[in-house]
Amino acid sequence: MFAAPIAFSAEPRHVAGNGAIDLNYPSGATAELGLLRRTIAGVLDFKGRARRTEVLLYQFAVALVGVTLGFAGSTFLPHAFASTLIVIVRVVTALPLVALFARRLRDQNRSAWWTLILPGGMGLNIVRHESRLVANTPSSPPWLGLAYVCVVILMLVLFYWPGTRGPNRFGSDPREA
């Protein structure tokens, strides 16, 4: 047996009176853009809660900026300047990620102290790459790679674990806002 199909109207609705088009699509595109604006505007906002959609949109936006700058840098800029620009962008985009991770943890009713995993993961990644350069070998010690993979898996689980339904000790449910 098949379930009945869900029907979405592709036709835009008009607002009564002024003829303006309501762009509230079934995917909630305007809501997602609002979430992305909140993340970018709240660079150091550690209060409140964040939805998984906010994390996904932020990571998509950072990837888009990274790919665009990487292409433009490799095509139009000298290598040294492009490398410096990419490092600056990575540092600048890491700051909102820390605040977003703290809000995401609070959505799960966890302490924001778990955010300290982020610098640990970044530090493991740096040590892993530097150990290859110092030892002048193509690979780093296996335990470093394993530790890094474990930290990355833990961060992904914490980023995308569902939040608590309804209000918790950190505020109201962001899905209801």
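For the structure, see preceding data.
Residues numbered from 1 in each chain as written. Predicted model: local features only at pLDDT ≥ 70, side-chain atom pairs only at ≥ 80, totals over all residues. Heavy atoms only, no water.

Here we take up the overall build of the protein. In terms of regular secondary structure, the protein is built from 5 helices and 2 strands. When the helices and strands of the protein are read in sequence order from the N terminus, they spell out β-β-α-α-α-α-α. The proportion of buried residues among the 177 residues of the protein is 24%. In the form shown here, the protein has an accessible surface area of approximately 12,200 Å², with 71% of it arising from carbon and sulfur atoms. (Helix = DSSP H or I, 4+ residues; strand = E, 2+ residues; numbered from the N terminus. Buried < 20%, exposed > 50% of the residue type's maximum accessible area, 1.4 Å probe, protein only. Areas by Shrake-Rupley, 256 points an atom, 1.4 Å probe, with all protein chains shown as cover.)

Per the counting criterion, the structure on display carries 2 aromatic pairs. Taken together, the ring pairs in this structure connect F101, F159 and Y160 into an aromatic cluster. (Phe/Tyr/Trp six-rings, centres within 6.5 Å; stacked < 30°, edge-to-face > 60°.)

A few words on the environment of R110. Mapped onto the elements, R110 comes out in the loop between helix 3 (79-107) and helix 4 (117-135). Look at R110 and you get partly exposed, because its relative accessible area is 27%. Each C-alpha atom, one on R110 and one on R169, is 9.5 Å from the other, the two residues being 59 residues apart in sequence. Once residues within four sequence positions are removed from consideration, R110 is found in contact with L105, L158, W161, R169 and F170. At 2.8 Å, the side chain of R110 and the side chain of Q108 are in polar contact. (Contact = heavy atoms within 4.5 Å. Polar contact = N/O pair within 3.5 Å; in protein donor to acceptor, adjacent residues only side chain to side chain.)

With that settled, the discussion passes to a nonpolar patch on the surface. Side chains of F71, F76, L77 and F81 sit close together on the surface and give an oily, nonpolar patch of about 470 Å² of accessible area. A relative accessible area of 48% places F81 in the partly exposed class. (Patch = residues over 30% accessible without salt bridge, like charges linked within 9 Å, V, L, I, M, F, W, Y side chains within 5 Å. Salt bridge = Lys/Arg side-chain N within 4 Å of Asp/Glu carboxyl O.)

With respect to the helices, strands and loops of the structure, P162 is situated in the segment after helix 5 (142-160). A relative accessible area of 41% places P162 in the partly exposed class. For the pair P162 and D107, spaced 55 residues apart in sequence, the C-alpha to C-alpha distance is 8.2 Å. In this structure, P162 is in contact with R52, R104 and Q108, ignoring residues within four places of it in sequence.

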